[in-house]
Every structure is written in C-alpha cells, then in structure tokens.
Amino acid sequence: MDTMADTRSIFAVNLAPAPVKVAARDVSVFYGEKQALHGVDLDIPANQVTALIGPSGCGKSTFLRCINRMNDTIPAARVSGAITLDDVDIYGPEIDVVELRARVGMVFQKPNPFPKSIFENVAYGPRIHGMARTRGDLESIVASSLRRAGLWNEVKDRLREPGTGLSGGQQQRLCIARAIATRPEVLLMDEPASALDPIATSVIEELIDELRTNYTIVIVTHSMQQAARVSQRTAFFHLGRLVEEGATADIFSNPREKQTEDYITGKIG
Amino acid sequence: MTPDVAEPAEVALRAPAEIAALRRRRYAAERRLRLAGIAAISLALGLLGLLVVTLVVGGWPAFTQTKVRVDFPVERALVDPADPAAGNFRKVVQLGVAGLFPEATTPQELRAAGKILTPGTQFLLRNAVIADPSLVGRTLTLKVPAADPYDQLAKGLVDRATPEDRRRLSDADIARFDRLVAEGRVSRPFNTALFVNPDSRFPETAGLAGAMVGSALALLVCFALSFPVGIATAIYLEEFARKNRTSDVIEVNINNLAAVPSIVFGLLGLAVFIQTFGLPRSAPLVGGMVLALMTLPTIIIVTRNALRAVPPSIREAGFGVGASRHQVVLHHVLPLALPGILTGTIIGLAQALGETAPLLLVGMNAFLTSTPGGLTEAATALPTQIFLWADSPERGFVSRTSAAILVLLGFLIVMNGVAVLLRRRLERTW
Amino acid sequence: MAALLLAAIGLAAGLAYVAGWTAARRFAPPPGTTQHSLPSYHGAFVAIWVGVPALALALVWAALQGHVIDAALLRSLPASLTEGRTEAALGLTLAEIHNVAEGRIFVPPAPEVVEAAERLNRWRGIARAALAALTLATMLGGFALARARLAPRFRARHAVERALTGFMIACALVAILTTAGIVVSLLSEAMAFFRLVPPTEFFFGLRWEPQIAMRADQIAGAGAFGAVPVFVGTLLIAAIAMAVAVPIGIYTAIYLVEYASDRVRAWVKPLLEILAGVPTVVYGFFAVLTVAPAIRSAGTLLGLATSPNSALAAGLVMGIMIIPFVSSLSDDALRAVPRALRDGSLAMGATRAETVTRVLLPAALPGIMGGVLLALSRAIGETMIVVMAAGLIASMSINPLDSVTTVTVQIVTLLVGDTAFDNPKTLAAFALGLVLFAVTLVLNIVALAIVRRFREQYE
C-alpha cells in the first residue's frame with residue numbers, strides 16, 4: 001500500500017471534518033423483480049473523495065447512479081429511500097432531473113466522448129444549459145475546463161479535431177473536462193481508470209486529487225490500491241448492502257467487519 | 001503531472017434565474033419532440049387505418065349479390081330436349097321477364113325490364129338445361145343475379161334523390177325493381193360467384209376463381225424453383241464456399257438483387273423468357289419464374305441467417321464422429337435451420353403473391369373468362385386482377401376491387417400468420 | 001409430353017437408385033477391408049448418372065427444338081411464300097403455319113401453308129421420337145457406366161458429394177446469371193433503341209411522345225423520345241414521397257427508441273411493418289379511390305387547378321408505403337449508437353430531446369442516410385402506385401398538383417399490349433429500364449456501403 005497516500009488521507013480527514021454534501025437514507029434499488037441495493041445509509045462529505053469499493057455486482061455502481069438519478073434512464077429500475085443533496089431530497093417532486101445532473105456530473109468507466117470535436121465535447125454541457133452568453137464566454141469555459149482536467153496543453157492546438165481521435169487516457173480526461181464544464185458540485189466517477197493503462201491511470205488519479213479542492217467526488221473503483229491512493233473516505237459494499245464505511249485509513253488498516261477484512265485481504269472479490 | 005496553469009480567469013456565467021428560464025424552454029422543446037413523435041406514429045397508423053376502413057367499407061357490399069327469383073317457362077317450342085344447347089334461350093328469358101311484369105306489353109318496356117337481370121342470364125339458363133334436359137317443357141325457377149345498376153340500387157348505393165337524368169336508372173326502372181322487392185322476389189345471398197366464377201365483363205358475374213388459380217400456379221412455380229435453388233445457394237455460401245473474391249461478388253450481387261425494382265425483373269422476364277426462350281406470354285409458368293428470381297434473394301438471405309444461428313458446436317459434434325461436411329450439413333445443420341428457412345420462405349412467397357408490376361410485363365393481365373388449366377395457359381393473378389378491375393368503369397367493379405383486395409390481404413394475413421406460428425412453435429434460441 | 005418425359009426420367013432415376021442400393025447391399029468386401037460408402041450413396045451415384053445427363057439433354061432439346069424446326073420450315077417453304085418478304089411478314093406466315101398445324105384455322109389457309117403445316121407436324125413427330133430414343137439411350141448408357149464402377153472400395157460418397165457441391169455452385173450462379181441477364185437484356189435492347197434514337201435526344205430531349213404511328217408509312221408521326229420530362233416527373237413524385245416518409249419515419253423512430261414503452265413498441269412496430277407488407281397495387285387503388293379525389297376537392301376548395309391524377313396523390317401514397325423503410329432503418333441506426341454516448345449526454349443534464357438531436361442523430365446520421373437512400377431507390381422503382389395514380393402524359397412540371405408521368409409508368413404503358421421487339425416504342429421501355437436499373441443500383445450500392453461502414457464504426 002502507498003504510505004504517502006495513507007498519510008495524506010489521514011491528514012485531510014483529521015484536519016477538516018467536512019460538512020455532509022450528499023446523504024443517503026435507506027436507499028434500495030430494484031431492477032424489475034430483482035433487488036440490487038438493500039437499504040443503504042451513507043453520508044458523503046463535501047470536498048473529499050469518497051471511494052465505493054466491493055466485488056463486482058455488489059451494488060456500488062448502482063448506488064453511484066442513484067446520486068444523479070441515472071437509474072431513471074433504465075425503464076425497469078425503481079429507487080426507494082431518500083438521497084439529499086445539500087439537505088434537499090433529489091427524488092422529491094420539485095426536483096428537476098436536468099438541473100440535478102448539471103450539479104452532479106458523471107464520468108463513466110469507458111471513455112465516451114461524443115463523435116464531435118474536442119471543443120464541442122466540452123462545450124456540450126454549457127451549450128445545452130445556456131451557461132455562456134457569448135462565444136467568448138463559451139471558449140473560456142472550455143479552456144478552463146480543459147485546464148482543470150489537465151488536458152489543455154495536449155489539445156489546445158487541435159480543438160477542432162474529433163474527440164474520438166485521442167488516446168484512451170486523454171479521452172477520459174476529456175470526459176472529465178466535459179463533466180466539470182457545467183460547474184458541478186459533485187463529480188461521480190464510475191471506475192474511471194479501469195479501461196486505462198497504468199500511466200494514464202496515475203495521471204487520472206493525480207487529477208482526482210487536485211479536483212477535490214473544488215468538487216465533492218464519489219468514485220467507484222475495483223482497485224483497493226486506487227481507493228487507498230485517492231480517497232479520504234471509503235465505503236465497502238457487498239451483495240447489495242453497505243457493509244462498512246469510514247475514513248479510508250481506518251477501513252484499510254483496521255476494518256470493523258469480517259467481510260471487509262476478507263475483501264481487503266483478498267479472500268472475497 | 002503539473003497543472004497547466006493555476007486557476008483560470010472566472011467567466012461571468014448566466015444567473016441561475018436566467019438558466020431556469022432557459023430550462024423551461026428546453027422542456028418545451030422536449031415536449032415538442034415527443035409530440036412530434038406521437039403525431040408521426042398516429043399519422044402513419046391513422047393512414048393504415050384509413051386504408052383498411054376504406055377497403056372494408058368499400059368491399060363489404062361486394063360479398064353479397066342481389067338476386068331475382070324468376071320463373072322461366074322452358075317451352076318445347078324453344079328448346080329441343082335432344083339438343084338443348086341450340087335452344088332459343090333468349091326467348092325463354094324474355095318469357096320469364098314478361099311473366100314478372102304482365103302489364104308490360106310494348107317491346108321497349110320489356111327490353112327495359114329485361115335489363116334488371118344480368119346479361120348472362122340466357123347462358124345460366126342454357127347451362128342449367130344442358131345439365132338437366134328433363135327441365136324442357138317445365139317451368140324453371142332460378143335466382144338470377146341482378147344487373148349491376150340494380151345491385152347498386154338494392155345495396156342502397158344509389159341516391160334516389162338525385163335528379164332522374166343524372167341517374168343510370170329511370171324512375172320507371174326503380175319502380176319496376178321496387179315492385180319485385182315488394183313481391184319478395186329479390187334476395188341478397190352471399191356472393192359465391194366472387195369465389196367460384198372466373199372474370200367477366202359484368203360485375204355481377206365476375207369472380208376471382210381464375211385469378212386465384214393463376215396465383216396459385218405461379219406461386220407453385222415460384223416455390224418449386226426458388227426454394228431448392230435458394231437453399232442450395234445459401235448452404236454453399238455459408239458452409240462450403242471459401243471466403244474469396246468470387247463469394248464476395250456473389251454476396252454483393254444477392255444483396256443488390258434484393259433491392260432491384262420489381263419492374264426490372266419484369267423486363268428480364270419479357271426479354272429473356274418470352275422473347276429469347278419463346279415461352280408463352282401470360283402463362284403462370286413465366287410469371288412464376290419471374291417471381292422466383294425476385295424471391296430468390298429473400299430465401300437466400302433468410303436461409304443464411306438460419307444456418308448462421310445454428311451454433312458451431314453442432315457442426316463440431318458431427319465432425320467429431322467422423323461425418324463428412326455434407327453429412328453434417330444435411331443431417332444436422334439443415335434440419336435445425338429448417339424452421340427459420342420455412343418461415344422466411346413463406347414470407348418471401350407472401351411478397352411474391354402481392355407482386356404486380358412484373359406480372360403486368362409478362363402479360364398476366366389478360367381478360368380471361370375461364371380458369372387456367374395448366375402452367376402454360378394464359379392466366380391472371382390476384383394482384384393483376386385487382387389492377388384490371390380497378391381500371392374497369394362499371395360501378396360494381398369498384399366494390400369488387402375492394403373485395404378482391406380484401407381476399408388478397410386475407411391470403412397474405414394467413415401466410416404471415418402461419419409464418420409467425422411456425423416461428424413460435426419450432427424456432428429455438430440457442 | 002414434357003411432363004411425361006420428366007416423370008419417366010424421375011422414375012428411371014428412382015429405379016437406378018434401387019438397383020445401385022441393392023448391388024451395394026450384396027457386396028462382400030475382401031477380408032481386411034470394409035466397404036467405403038453406404039449402400040444409399042451407391043444408389044444415389046447410379047441415380048445421378050441416370051437422371052442428370054438425361055435431364056440436361058431434355059432441357060437443351062426443349063430449348064432448341066422450336067428454333068431448329070422453325071428455321072428448317074422457313075427454308076423448306078416455296079418461293080411463293082418467301083420471295084421478297086420482310087422478317088416480320090415471315091414471322092406471321094410461320095405463326096399461321098403453327099396455328100394450322102394445331103388445328104386453329106381462322107381463314108381457309110393457302111395450300112402451301114397446309115402442306116407446310118403437315119410437314120411441321122411430321123417433323124415434330126420425328127423430333128419427339130428422336131428425343132425419347134436419345135433420352136432412353138442416355139439413361140441406359142449412364143446406368144451401365146455407373147453400375148460398372150460400383151465396388152466395395154468405390155468412393156461413392158465422394159462422387160455423390162462432388163455432384164451435390166456442383167449442384168450448389170450451379171445454384172449460386174443463378175444469382176449471378178440473373179444480374180447478368182438483367183444487364184445484358186437491358187443493354188442489348190437499349191443499344192437497339194439508341195441505334196434508332198440518338199442518346200443525346202433521349203437524355204436531353206424535352207419532348208416525350210412515344211406513341212408512334214400504327215402504319216409503317218406514317219414517318220411523320222414517329223414520336224419524340226426526349227426522356228427529360230419523364231425523369232423530372234419521377235423525381236417530383238419521389239421527392240413528394242420522401243418529403244412525407246422521411247420526417248414521419250425519423251420522428252417515429254425517435255419516439256420508438258427514446259420515448260415509447262416496451263408495450264407501445266411491441267404494438268407499433270408490427271403495425272408499421274404491415275404498411276410495408278401491403279401490396280403496392282392496393283396502395284394504387286387507395287390513391288385512385290380515396291386520396292386523389294380528396295386532394296382534388298381540397299384543391300377546388302382552395303381555388304387551385306388540380307389534376308385528377310396529380311403528382312401529389314401518387315407521391316403521398318408512395319410516401320405512406322415508404323414510411324416503414326425509413327423508420328425501421330432509422331430505428332436500427334439510433335439503436336446502434338452505443339449506450340455510453342446516450343448516458344454521457346444524459347449525465348450532463350441534457351434532456352432526452354437534446355440527447356437525440358445533438359448526440360444520437362449526428363452519430364446515427366450515416367445509418368439514417370443509408371436508409372433514406374434505400375427508400376429513395378424504392379420510391380424511384382415503385383411501379384403500381386404511379387401506374388394507377390399518376391398520369392400518362394409527360395409534362396415538364398414541378399407543380400405537385402399537375403399530372404406528371406414516371407419512368408416506371410412509361411415502361412408499363414409502352415410494354416403492356418403488343419410487344420414487337422423492333423419498334424422504338426417498345427425498345428424505349430428497355431432504355432428507360434436501363435436508366436432505372438442503373439440509378440437504383442448506384443443508390444443501393446452507396447446506401448449499403450454507408451450502412452456497412454456505419455455498423456463497423458460501432459462494431
């Protein structure tokens with residue numbers, strides 16, 4: 001395990017007991033007859049990275065997709081319980097999904113740039129939400145998003161080229177730039193580095209750590225090393241239930257639950 | 001990684017209230033798109049509904065036929081029992097009509113009254129007497145189809161309120177017919193003639209029997225040619241042919257043939273089958289051959305799909321016990337693919353049944369008053385018969401055209417239904 | 001006669017099968033060896049040798065007999081019947097002889113004709129006997145050859161499988177031959193046409209009046225063969241059809257892919273397929289009976305001069321017919337766009353409509369374009385609707401309320417009825433057919449290529 005990451009995590013948690021940004025209460029998800037998530041309670045602190053770990057099919061991605069209501073796009077999916085964003089229930093009747101998703105951005109497992117130019121990819125969100133008044137504003141939003149995603153220097157001379165022409169790691173950073181271009185408060189990442197090579201992965205991980213200052217980040221990951229490296233808090237899911245959550249350092253060094261320990265030591269997974 | 005710059009200059013974004021207003025407009029666009037989709041589907045299905053309703057409403061009356069019960073005195077003076085075919089049945093009909101209207105004395109009146117019956121009445125009588133010569137000397141009571149204008153009148157398709165000079169029937173004609181109705185001589189049974197008679201110039205005696213037989217013969221030829229050839233081609237391409245230039249050419253060729261306009265196949269049939277090979281015009285043989293060429297791509301494509309759906313493990317199992325490639329294909333792969341092939345073949349034949357243009361070019365639109373007796377005799381087919389009737393000026397043919405379309409659609413529905421059932425019953429998913 | 005011969009060949013092949021099978025059953029393979037093939041393969045081997053050559057002989061004979069006898073008959077005619085006659089007149093004489101030979105006598109024939117007819121019947125009798133004898137000899141020869149090769153170690157299965165493969169290859173060639181037949185027949189007739197009418201007139205001429213005079217001496221009424229008005233009419237009706245089908249089809253596909261519940265989709269898709277399955281003659285009748293009068297009265301109501309067989313009526317109905325092509329291919333194309341793109345857009349806070357118009361449609365555009373091109377090719381080649389609902393007179397008009405004619409209408413009107421293959425009127429139909437075939441072929445190839453590349457792009 002990376003000791004540097006460990007100390008940093010502990011340091012961050014101890015220094016700033018952050019306010020709760022997203023809170024889940026008794027969240028269950030059904031896909032048709034099948035229950036995928038059983039009564040999850042979880043607080044996600046602001047401006048920290050929360051990692052959701054667990055074996056495949058444990059419900060961690062399902063939970064992630066509840067936070068920006070992406071499960072709505074699956075006709076057979078049904079969500080019960082409550083999830084609040086800044087103490088407002090996002091499944092409440094007055095909530096506008098479109099607005100919610102502008103506030104809660106998402107980055108997917110496989111880079112999915114639109115078949116458009118790099119510029120148009122990043123400009124997509126600001127355009128549909130009508131954020132910029134002028135072309136100049138739009139350009140500076142695109143530029144700043146690409147800078148924050150650490151991609152500006154690599155693409156600034158070819159903004160008109162298709163986003164699909166970039167390498168895998170660059171595509172994923174493009175998707176991150178696209179997601180932060182709408183100025184979200186929360187950034188959901190669904191195994192953002194699983195399709196990338198180790199070098200691209202480390203670039204993404206460093207980026208996540210930098211983005212933490214401006215965004216609340218929830219990341220689903222398969223890799224415990226990654227969770228340990230990038231996150232301050234970790235939640236362990238198993239068989240659709242939240243088994244244990246806490247400061248990343250505590251979870252990894254001193255798990256309370258037997259299942260968590262088994263997973264971390266490689267007995268299940 | 002080092003960040004490219006520190007924090008970029010902040011941009012003055014639109015205010016949240018402004019963005020919220022924009023969002024309302026975005027949702028309006030969303031609703032518009034949704035409505036446009038619903039409107040498009042409703043329009044398409046509405047037009048389908050309109051088509052069906054028009055045909056059913058228009059075709060319904062043609063399934064019944066107005067008939068008049070007439071007593072014909074078959075006098076010995078007019079018909080010789082030894083040679084009934086040579087009898088003067090025109091006169092017999094006139095006597096029968098005179099019996100209906102004893103008050104009609106002038107020849108003009110009698111002639112006008114005689115027009116109530118179909119012009120084919122004398123032949124109906126003749127056939128009845130030939131079939132049973134003992135009728136000579138007795139009175140024969142027949143239910144004779146009413147002529148088209150009276151059929152329309154009886155079905156309420158003639159507006160009696162129209163001024164007399166703009167109707168085909170005068171007030172006197174209508175009065176005569178109404179009297180027959182009052183006497184209980186008029187009935188409207190099911191129009192069996194529509195199914196058992198061949199074509200005729202008179203709507204009241206025209207039927208689809210010739211066209212149905214013609215279609216059946218043409219489909220038979222089409223099936224006999226396209227089914228074996230199609231399956232053999234598909235098996236060759238899918239199981240035997242090496243993937244090379246030749247097989248690519250054949251493949252592209254088949255895909256393009258499937259999209260060639262049907263009339264071009266008609267031109268091919270005309271130039272090659274009729275002109276070069278000297279096969280007879282208007283024959284179901286030629287029509288069937290043209291339809292076979294058109295159906296071939298369909299059968300090849302569905303057969304290849306069905307063969308592809310059989311998992312390779314079946315083939316490997318066959319090879320594993322030492323079967324040759326031919327044996328594996330014939331004994332194992334083909335039987336498993338057969339349901340899919342049959343389903344596709346039936347659908348292909350249904351398409352062929354509805355095909356019109358190529359049959360027009362090979363002359364299967366002749367006016368024929370007899371049912372074809374063989375593959376090389378002149379014939380029509382259901383769709384070309386519909387085309388012929390649609391072109392006929394008589395009012396009665398309008399509803400008969402709709403009725404013929406309903407019959408054709410009935411056949412298509414049955415064929416497609418059988419295909420669907422077959423798929424449900426026999427097709428398995430691997 | 002033909003049926004009898006086929007039955008005889010079939011029966012002989014069946015008997016041969018039994019003979020081969022029985023012989024193979026009685027084999028006693030030498031010790032230490034086994035019989036190579038099953039008895040059924042030996043039977044099939046013999047049956048093939050008996051049936052196939054005889055069948056081939058009979059087919060070739062049937063194809064040639066008429067021509068050979070006719071040629072001989074012509075040569076045998078006395079000079080009084082042939083001297084200074086054109087080919088067409090000779091053809092008439094020949095037809096008369098055939099009629100007389102078959103007992104269909106309309107006018108009392110000349111004695112020479114009667115004599116020729118008797119000759120014809122005699123020769124036919126000889127030919128029939130010769131065919132029967134030759135077929136029998138072929139079958140016996142085949143049987144002897146095949147039977148002699150049967151032996152325990154004879155690889156009958158290989159021989160039969162080779163024959164089967166040969167049959168399959170022959171069948172695969174039918175598809176090629178069909179295309180070749182289309183190209184050759186259209187080209188040769190069109191070439192004959194272009195010898196009579198220069199291509200420049202056909203492709204650039206503005207007058208289309210193909211009804212030529214009935215008598216050969218009426219040179220003045222030889223007709224005009226400038227096909228531009230016909231092409232314009234075709235494009236006008238196709239354009240109207242596309243204007244109906246493309247928006248309806250694409251909006252339908254969008255709704256079905258993005259908004260409709262599974263139940264709605266399960267109902268709507270088969271219903272739309274019915275639209276594609278209705279025979280075109282039915283649409284033609286619908287156009288004539290319902291749509292054209294409706295348009296006419298609407299036109300009258302608005303004070304517009306409307307032709308009874310307006311391009312609009314034919315185009316509208318053709319559009320209805322084409323809706324399912326556009327909608328199902330657009331449906332496929334939209335569905336082929338990876339889910340990740342849709343999710344990516346929705347996760348940005350895009351509405352469904354924005355996702356469709358800004359991400360899915362651009363991504364699916366090639367596929368949709370392919371579908372639209374296929375539909376266009378369908379519209380250009382569609383025949384019955386326009387034959388019944390469009391006009392016959394070629395007028396150079398792009399007013400949808402006017403009556404225009406199309407390529408397919410002209411082909412049908414020029415060819416239905418008498419077809420002598422030597423006047424420009426008939427040949428013009430083949431020239432039009434060639435243009436139609438070429439245009440639709442190009443459209444299809446381009447469309448299929450676009451669709452294929454689009455599919456490959458998303459695996």
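Residues numbered from 1 in each chain as written. Chains lettered and ligands numbered in written order. Predicted model: local features only at pLDDT ≥ 70, side-chain atom pairs only at ≥ 80, totals over all residues.

Regarding the overall build of chain C
And then number 1: Along the backbone of chain C there are 16 helices and two strands.
And then number 2: Over its C-alpha trace chain C gives a radius of gyration of 31 Å, far above what one expects of a compact globule, namely 23 Å for 459 residues.
And then number 3: Put simply, of all contacts in chain C between residues at least 6 apart along the chain, 74% involve residues at least 24 apart. (Helix = DSSP H or I, 4+ residues; strand = E, 2+ residues; numbered from the N terminus. Rg over C-alpha atoms; globule rule 2.2 N^0.38 Å. Contact = placed C-beta atoms within 7 Å.)

Focus on the overall build of chain A
And then number 1: Assigned secondary structure in chain A consists of eleven helices and ten strands.
And then number 2: Here the C-alpha radius of gyration of chain A, 18 Å, is about what a compact globule of 269 residues would show, namely 18 Å.
And then number 3: Expressed as a percentage of its 269 residues, the buried residues of chain A come to 51%.
And then number 4: Residue pairs at least 24 apart in sequence account for 69% of intrachain contacts in chain A once pairs closer than 6 positions are excluded. (Buried ≥ 20, exposed ≤ 12 C-beta atoms within 10 Å, placed from the backbone.)

Considering the interface of chain C and chain B
And then number 1: Contacts between chain C and chain B engage 71 residues on the former and 63 residues on the latter.
And then number 2: At 19 residues, helix 6 (residues 156–196) of chain C tops the list of elements feeding residues into the side of chain C that touches chain B.

As for the sheet that holds strand 3 (residues 186–187) of chain B
All names here are of chain B.
And then number 1: The strand order 2-1-3 describes an open sheet built from three strands, whose pairing is antiparallel. Here the strands that pair on one side only, and so sit at the sheet edges, are strand 2 (139–145) and strand 3.
And then number 2: Two strands pair when backbone bridges link them, and strand 1 (residues 67–73) and strand 2 are joined in this way by seven bridges, in the antiparallel orientation. When the sheet's bridge partners are listed, aspartate 71 is paired in strand 2 with threonine 141.
And then number 3: Against the sheet, helix 4 (residues 121–131) engages strand 1 and strand 2, with an angle of about 135 degrees to strand 2. (Pairing = 2+ DSSP bridges. Axes fitted to C-alpha atoms, helices over the stretch in contact; angles between N-to-C directions.)

Section: the pairing of strand 4 (residues 77–85) of chain A
All names here are of chain A.
And then number 1: In this sheet, strand 4 lies alongside strand 1 (residues 20–31) in antiparallel orientation, the contact comprising eight bridges. Paired with phenylalanine 30 across the two strands is arginine 78, which belongs to strand 4.
And then number 2: Strand direction decides the pairing type here: strand 4 and strand 5 (residues 88–89), joined by two bridges, are antiparallel. Each residue of the ladder has a partner; that of threonine 84, found in strand 5, is aspartate 89.
And then number 3: Turn length for the strand 4-strand 5 hairpin, with the two strands adjacent in sequence and antiparallel, is two residues, and the turn residue aspartate 86 shows positive phi of about 50 degrees.

Remarks on helix 2 (residues 89–100) of chain B
One full turn of an α-helix is made of 3.6 residues, so residues set three or four places apart face in the same direction.
All names here are of chain B.
And then number 1: Helix length check: helix 2 (twelve residues) gives 17 Å between terminal C-alpha atoms against 16 Å at 1.5 Å per residue, within 8%.
And then number 2: Residues of helix 2 that are buried: Phe89, Val92, Val93, Gly96, Val97 and Leu100. Around the axis of helix 2, the buried residues are gathered within 135 degrees of arc, so they sit on the same side.
And then number 3: The secondary structure elements touched by the buried residues of helix 2 are strand 1, helix 3 (107–114), helix 4 and helix 6 (171–182). (Expected span 1.5 Å × (residues − 1). Arc of directions from axis to C-beta.)

As for the sheet that holds strand 1 of chain A
Residue and element names in this part refer to chain A.
And then number 1: Taken in spatial order, the four strands of this open sheet run 2-1-4-5, and their pairing is antiparallel. Unpaired on one side and paired on the other, strand 2 (34–45) and strand 5 mark the two borders of the sheet.
And then number 2: Sheet contacts for helix 2 (residues 60–67): strand 1, strand 2 and strand 4; angle to strand 1, the most-contacted strand, approximately 120 degrees.

Notes on the confidence of the model for chain C
And then number 1: Residue-level pLDDT values for chain C average 87, and 95% of them are 70 or greater.
And then number 2: Averaged pLDDT values for the elements of chain C fall to 74 in helix 3 (residues 79–82) of chain C and rise to 95 in helix 8 (residues 228–259) of chain C. (pLDDT = per-residue confidence, 0-100.)

Some details on the packing of helix 1 (residues 16–59) of chain B against helix 8 of chain C
Two quantities define a packed helix pair, namely the angle between the axes and the distance from one axis to the other.
And then number 1: One way to put it is that helix 1 of chain B packs onto helix 8 of chain C with a least axis distance of 8 Å and a crossing angle of 115 degrees. Seen from above, helix 1 of chain B lies across helix 8 of chain C with left-handed handedness. For the pair helix 1 of chain B and helix 8 of chain C, the contacting residues are Leu33, Arg34, Ala36, Gly37, Ile38, Ala40, Ile41, Leu43 and Ala44 of chain B in the first and Ile248, Tyr251, Thr252, Ile254, Tyr255 and Tyr259 of chain C in the second.
And then number 2: For the contact of helix 1 of chain B with helix 8 of chain C, the per-class residue count stands at twelve nonpolar, two polar and one charged. (Left-handed = near helix turned anticlockwise from the far one by under 90°. Nonpolar A, V, L, I, M, F, W, Y, C, P; charged D, E, K, R; others polar.)

A few points about the nonpolar core
And then number 1: The biggest cluster of nonpolar side chains holds 282 residues, and the ones touching the most others in it are Ile237, Ala287, Ala314, Val317, Ile385 and Ala389 of chain C.
And then number 2: Among the elements that line this core, the one with the most residues is helix 8 of chain C, at 18 residues.
And then number 3: Core analysis: the second largest hydrophobic core is formed by 25 residues, Val68, Val70, Val74 and Leu180 of chain B among them. (Core = buried A, V, L, I, M, F, W, Y, C linked by C-beta atoms within 7 Å.)

Structural notes on unusual backbone geometry
Residues and elements named next belong to chain A.
And then number 1: If you check the backbone angles, arginine 69 has positive phi at about 55 degrees while not being a glycine.
And then number 2: Within the secondary structure, arginine 69 sits in the loop between helix 2 and strand 4.
And then number 3: In this structure arginine 69 comes out as buried when scored by C-beta crowding, with 20 C-beta atoms within 10 Å.
And then number 4: Non-glycine residue leucine 239 carries a positive phi angle of around 50 degrees.
And then number 5: Mapping leucine 239 onto the fold places it in the loop between strand 9 (233–238) and strand 10 (241–247).

A word on the pairing of strand 10 of chain A
For a regular strand, side chains alternate in direction, first toward one face of the sheet and then toward the other.
Residue and element names in this part refer to chain A.
And then number 1: Two elements, strand 9 and strand 10, share six bridges in a ladder whose sense is antiparallel. Bridge pairing in strand 10 places phenylalanine 236 opposite glutamate 244.
And then number 2: Between strand 9 and strand 10, which pair antiparallel in sequence order, lie two residues; one of them, leucine 239, sits at a positive phi of approximately 50 degrees.

Some words on the confidence of the model for chain A
And then number 1: Confidence along chain A averages 87 in pLDDT terms, with 93% of residues attaining 70 or more.
And then number 2: Between residues 1–15 of chain A, whose pLDDT stays under 50, and residues either more than four places distant or in other chains, the model counts 20 contacts.

Points about the packing of helix 4 (residues 118–129) of chain A against helix 5 (residues 135–148) of chain A
Residue and element names in this part refer to chain A.
And then number 1: Direction vectors running N to C along helix 4 and helix 5 enclose 110 degrees, while the axes themselves pass 9 Å from each other. When the interaxial angle is binned, helix 4 and helix 5 end up roughly perpendicular. In the packing of helix 4 onto helix 5, the handedness of the crossing is right-handed. Between helix 4 and helix 5, the residues in contact are Phe119, Val122, Ala123 and Pro126 and Leu138, Ile141, Val142, Ser145 and Leu146, respectively.
And then number 2: Considering only residue class, the contact of helix 4 with helix 5 consists of eight nonpolar, one polar and no charged. (Parallel < 35°, antiparallel > 145°, perpendicular 65-115°, else oblique.)

Considering the environment of alanine 238 of chain C
Residue and element names in this part refer to chain C.
And then number 1: Tracing the backbone through its elements, the reader meets alanine 238 in helix 8.
And then number 2: Classification of alanine 238 as buried rests on a count of 24 C-beta atoms within 10 Å.
And then number 3: A C-alpha to C-alpha distance of 6.4 Å links alanine 238 and glycine 315, two positions 77 residues apart in sequence.
And then number 4: Excluding residues within four positions of it along the chain, alanine 238 makes contact with Leu376, Ala379 and Ile380.

A closer look at the environment of leucine 301 of chain C
And then number 1: Position of leucine 301 of chain C among the secondary structure elements: in helix 10 (residues 280–301).
And then number 2: Here the alpha-carbon distance between leucine 301 of chain C and glycine 249 of chain C, two residues 52 residues apart in the chain, equals 30 Å.

A few points about the environment of glutamine 327 of chain B
And then number 1: As for its position among the elements, glutamine 327 of chain B is in helix 13 (residues 325–354).
And then number 2: Between the C-alpha atom of glutamine 327 of chain B and that of glycine 46 of chain B, which follows or precedes it by 281 residues, the distance is 52 Å.

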